[in-house]
Amino acid sequence: MMASQRRIFSYENGLLLLLGFAFGVAFFDRNAATVLVPMMEGELHLDNTRTGLLGSGLVITWAFGAYVFGRWSDASGVRKPFLVAFLVIFSVCSFISGLAPTFGVLLASRMVMGAVEGPLLPVCLALMTIESSEHRRGVNTGLMQNFFAALLGQSLAPLLLIPLAQHLGWRYAFYVAGIPGLLCAIGVLYWVREPIKVVPIHGGAGQAGAGPMGLMDMLKIRNIQVCCLIAVFMVAWLVMGWTYLPKFFTDSRHFTPIDMSYLMTVLGAAAALSGFVVPLISDRLGRRPVMIGFCLLAVLTPLAALYLHGPLVLMGALMFLGWLAAGCFPLFMGVIPGETVPSRYAASAMGLIICIGEVIGGSGINALAGRLADLSARPTVPVGIEAVCALIGGLLCLLLIETAPAKVHPAARSSVIAGNSSATAQSSAAAG
């Protein structure tokens, strides 16, 4: 009994709970402005262009912040001070959003918020990768990234913020949204320990055979290349789903708002469930086959939305199955790069993948899909592009090199890190 209790109250589990809640709070704050737009639009004169700028401005700074500050964390060899700073800054930005007298101030606060929330994910993932048991690395990462973000950012944000804004005003909703981040910062400051396995990029001896690794060096590694490409198309798939499906259901399929909300809630439930189920399966079966299967499964969601004319329950079930692919995000954004490069470069690699995926997929392809829909006067275009992105993402997974500890012998790890073929691994073994 005591041994079981010790396992439950282990540092690994406590770290998972704290970091997961912290990233969930960050996602909660990220979605707060979108949820509160109807309450703000009259006072701050928010037309469609300004509303779009709020979203795209945060996405761009989120993307570049993920790589720049992730790289800075790797260079310094520390994680904890960055986490505390990120949590405090984005909480303050939430308060400033509530105080904003003009659209310009609101936009600036959201962009600064994105710059520090973006790197929160790769730094948390790098820390969780180091502290996780090998057999739990995938499920821990999935719980930290997907489960809490889906629960807090996608489910609780509208349920809590909208009634609060209706009763007290939208400014107070931003104030309340900033408080949990400060509490998380206190928790990190007094409880999280600095991992001892992180070696500064410019100091000390790192892992054997791991020399300095810059941006171009990372882009020469096969798994990093493939994960960047997967991120482009799968992030586009995810963002287009949340952006265009609600309007498509009500305007083109003529569903009632209640039916539409049911279908979108199904997606949030699928993301929460798959956030730990998919990585858990990958811990047993391997990263590559799970990535291939679930990313290809993602095609079901847009295809069901486009072509299924049966019962709403059946459509919801198929969309749920397709959206289980959201559970792959912790794998290609965190687990696979974390198992591919030395730990001292983990935050940089993860930040690079997030940056490329957000900029090209989340911003570029998403905006292009909307523009093509307007030019062609066909609202089905973004949903069709979403299906194509899922198909391409699934096919790209065929190029991954397996990294799961349960499937990769320790002697073969060097070939994964180098991103080379088995011939390279054989030559290095012969040299040994």
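Residues numbered from 1 in each chain as written. Predicted model: local features only at pLDDT ≥ 70, side-chain atom pairs only at ≥ 80, totals over all residues. Heavy atoms only, no water.

## Some points on the overall build of the protein
Point 1. The number of helices and strands found in the protein is 18 helices and zero strands.
Point 2. Every one of the 432 residues in the protein was classed for burial, and the buried ones make up 54%.
Point 3. Accessible area for the protein stands at about 17800 Å²; split by element, carbon and sulfur atoms hold 71% of it. (Helix = DSSP H or I, 4+ residues; strand = E, 2+ residues; numbered from the N terminus. Buried < 20%, exposed > 50% of the residue type's maximum accessible area, 1.4 Å probe, protein only. Areas by Shrake-Rupley, 256 points an atom, 1.4 Å probe, with all protein chains shown as cover.)

## Digging into the packing of aromatic side chains
Point 1. For the structure on display, the rule yields 15 aromatic pairs.
Point 2. Put simply, the rings of Phe69, Trp72, Phe82 and Phe86 touch in pairs and so form one group of aromatic residues.
Point 3. Its end group placed over the ring of Tyr11, Arg193 keeps NZ or CZ at 3.6 Å from the ring centre. (Phe/Tyr/Trp six-rings, centres within 6.5 Å; stacked < 30°, edge-to-face > 60°. Lys NZ or Arg CZ within 6 Å of the ring centre and 35° of its normal.)

## Some thoughts on the packing of helix α9 (residues 222–252) against helix α15 (residues 346–376)
Point 1. It is at 7 Å that the axes of α9 and α15 come closest, and there the two elements cross at 45°. Relative to α15, the element α9 lies oblique. By crossing handedness, the relation of α9 to α15 is classed as right-handed.
Point 2. For the contact of α9 with α15, the per-class residue count stands at 17 nonpolar, six polar and one charged. (Axes fitted to C-alpha atoms, helices over the stretch in contact; angles between N-to-C directions. Parallel < 35°, antiparallel > 145°, perpendicular 65-115°, else oblique. Left-handed = near helix turned anticlockwise from the far one by under 90°. Nonpolar A, V, L, I, M, F, W, Y, C, P; charged D, E, K, R; others polar.)

## Notes on the confidence of the model for the protein
Point 1. On average, residues of the protein score 81 in pLDDT, and 87% of them reach the 70 mark or higher.
Point 2. Across the protein, the element-wise mean pLDDT spans from 38 in helix α18 (residues 422–431) up to 96 in helix α11 (residues 287–297).
Point 3. Note on residues 415–432: pLDDT under 50 across the span, and 19 contacts to partners over four residues away in sequence or across chains. (pLDDT = per-residue confidence, 0-100. Contact = heavy atoms within 4.5 Å.)

## Concerning the side chain of Thr403
Point 1. Of note, Thr403 is situated in the loop between α16 (381–396) and α17 (413–418).
Point 2. A residue is classified by how much of its surface remains accessible, and Thr403, at 3% relative accessible area, is buried.

## Examining unusual backbone geometry
Point 1. In this structure, His254 takes a positive phi of about 60° despite not being glycine.
Point 2. Position of His254 among the secondary structure elements: in the loop between α9 and α10 (257–285).
Point 3. When its relative accessible area of 63% is taken as the criterion, His254 is described as exposed.
Point 4. The backbone of Ala377 shows a phi angle near 60°, a positive value even though the residue is not glycine.
Point 5. Tracing the backbone through its elements, the reader meets Ala377 in the loop between α15 and α16.

## Examining the nonpolar core
Point 1. With 114 residues, the main nonpolar core has Phe249, Met291 and Phe332 as its most contacted residues.
Point 2. Ranked by residues supplied to this core, first place goes to α9 with 17 residues.
Point 3. With near-sequence residues (within four places) excluded, Met291 lies in contact with Ile230, Cys328, Leu331, Phe332, Ile336, Cys397 and Leu400.
Point 4. In this structure, Ala32, Leu36, Leu46 and Ala173 belong to the second largest nonpolar core, which totals 21 residues. (Core = buried A, V, L, I, M, F, W, Y, C linked by side-chain atoms within 4.5 Å.)

## Re the environment of Gly70
Point 1. Relative to the elements of secondary structure, Gly70 occurs in helix α3 (residues 48–76).
Point 2. We classify Gly70 as buried; its relative accessible area is 0%.
Point 3. Remark: the alpha-carbon pair of Gly70 and Ala346, spanning 276 residues in sequence, is separated by 8.4 Å.
Point 4. In this structure, Gly70 is in contact with Gly65, Pro119, Ala347 and Ser348, ignoring residues within four places of it in sequence.

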